[in-house]
Amino acid sequence: DVKVTQSSRYLVKRTGEKVFLECVQDMDHENMFWYRQDPGLGLRLIYFSYDVKMKEKGDIPEGYSVSREKKERFSLILESASTNQTSMYLCASSPRQGSINQPQHFGDGTRLSIL
Amino acid sequence: EDQVTQSPEALRLQEGESSSLNCSYTVSGLRGLFWYRQDPGKGPEFLFTLYSAGEEKEKERLKATLTKKESFLHITAPKPEDSATYLCAVQFRRALTFGSGTRLQVQP
């Protein structure tokens, strides 16, 4: 089974702090994704990566950056945390698409509170 | 703009009472439709992928179908353990676009 592990289940930070959320997958997947999930808004894509050191902006990248130095690890960085970034953050991975689009597999999320 | 809309937002069923959840989409070039189940405090769990109109997939009490404009998730004789939020996601280009989900509650 695919396992996507997020480093923290719950995290509390203060406004202005630099926050790192870590995600590791154990299935040698090429693709990795960061989403945030808010009530009534569903899952929204922040950033994704199709290869090491490669990244692309999703729908809501403002205030975030990412890092992918190794294939199995994808980090989300909140450069200067703000209260409107309080949310559930979900990481996902999937194999390279080829001609068939493969499903994404998710971690259990990090519930981040910015005070 | 590419959009994914799920209905109803919430659904309460009695155990054994079959029903369907809807996922409608506007798209230019569908590349796959995915159904997920999400339990409270957990990440979404993959259920099905559908790629072309007319395709159907089944798993236990769940059956997913796809037309050119929408997908249905049929739940036959549900049990309380089927209670969860069901998410639909569509792949238009390189990433998924999710609907807001349907919260299903099955009462014994």
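Residues numbered from 1 in each chain as written. Chains lettered and ligands numbered in written order. Predicted model: local features only at pLDDT ≥ 70, side-chain atom pairs only at ≥ 80, totals over all residues. Heavy atoms only, no water.

Draft legend 1. Representation of the interface of chain A and chain B within the structure. In this complex, chain A contributes 21 residues to the contact, which on the side of chain B involves 20 residues. Across the chain A/chain B interface, buried area totals approximately 1700 Å², and carbon plus sulfur atoms make up 49% of it. Our count for the chain A to chain B interface comes out at one salt bridge. Salt-bridge contacts for K42 of chain B lead to D108 of chain A; the nearest nitrogen and oxygen are separated by 3.9 Å. In this assembly, chain A and chain B are joined by four residue pairs in polar contact (both at pLDDT 80 or more). Secondary structure elements with two or more residues in the side of chain A that touches chain B: β4 (31–38) and β5 (42–49) of chain A. Per-element tally for the side of chain A that touches chain B: the top contributor is β5 of chain A, with four residues. (Contact = heavy atoms within 4.5 Å. Buried area = accessible area lost by both parts, 1.4 Å probe. Salt bridge = Lys/Arg side-chain N within 4 Å of Asp/Glu carboxyl O. Polar contact = N/O pair within 3.5 Å; in protein donor to acceptor, adjacent residues only side chain to side chain. Helix = DSSP H or I, 4+ residues; strand = E, 2+ residues; numbered from the N terminus.)

Draft legend 2. The nonpolar core, seen in detail. With 23 residues, the main nonpolar core has L33, W35, L73 and Y86 of chain B as its most contacted residues. Sorting the residues of this core by element identifies β2 (10–14), β3 (19–26), β4 (33–38), β5 (45–50), β7 (62–66), β8 (70–75), β9 (84–91) and β11 (102–107) of chain B as the ones contributing at least two each. No other element matches β9 of chain B, which puts four residues into this core. The next biggest cluster of nonpolar side chains, apart from the first, holds 20 residues, and it includes V19, C23, V66 and Y89 of chain A. (Core = buried A, V, L, I, M, F, W, Y, C linked by side-chain atoms within 4.5 Å. Buried < 20%, exposed > 50% of the residue type's maximum accessible area, 1.4 Å probe, protein only.)

Draft legend 3. Focus on the state of the cysteines. Under the counting rule described, the total for this entry stands at two disulfides over all chains. Across a sulfur-sulfur distance of 1.9 Å, C23 of chain A and C91 of chain A are joined as a disulfide pair. Between C23 of chain A and C91 of chain A, the S-S dihedral sits near -75°, and the bridge is therefore left-handed. Residue C23 of chain A is found in strand β3 (residues 19–25), and its partner C91 of chain A is found in strand β9 (residues 87–94); the two are separated by 68 residues along the sequence. Each member of the pair, C23 of chain A together with C91 of chain A, is buried. Each disulfide pairs two cysteine sulfurs, and for C23 of chain B the partner residue is C88 of chain B, the sulfurs being separated by 1.9 Å. What sets the handedness of the C23 of chain B and C88 of chain B disulfide is the S-S torsion sign, and at about -50° it is left-handed. (Disulfide = S-S within 2.5 Å.)

The quantities given are spatial measurements derived from coordinates; they are silent on function.
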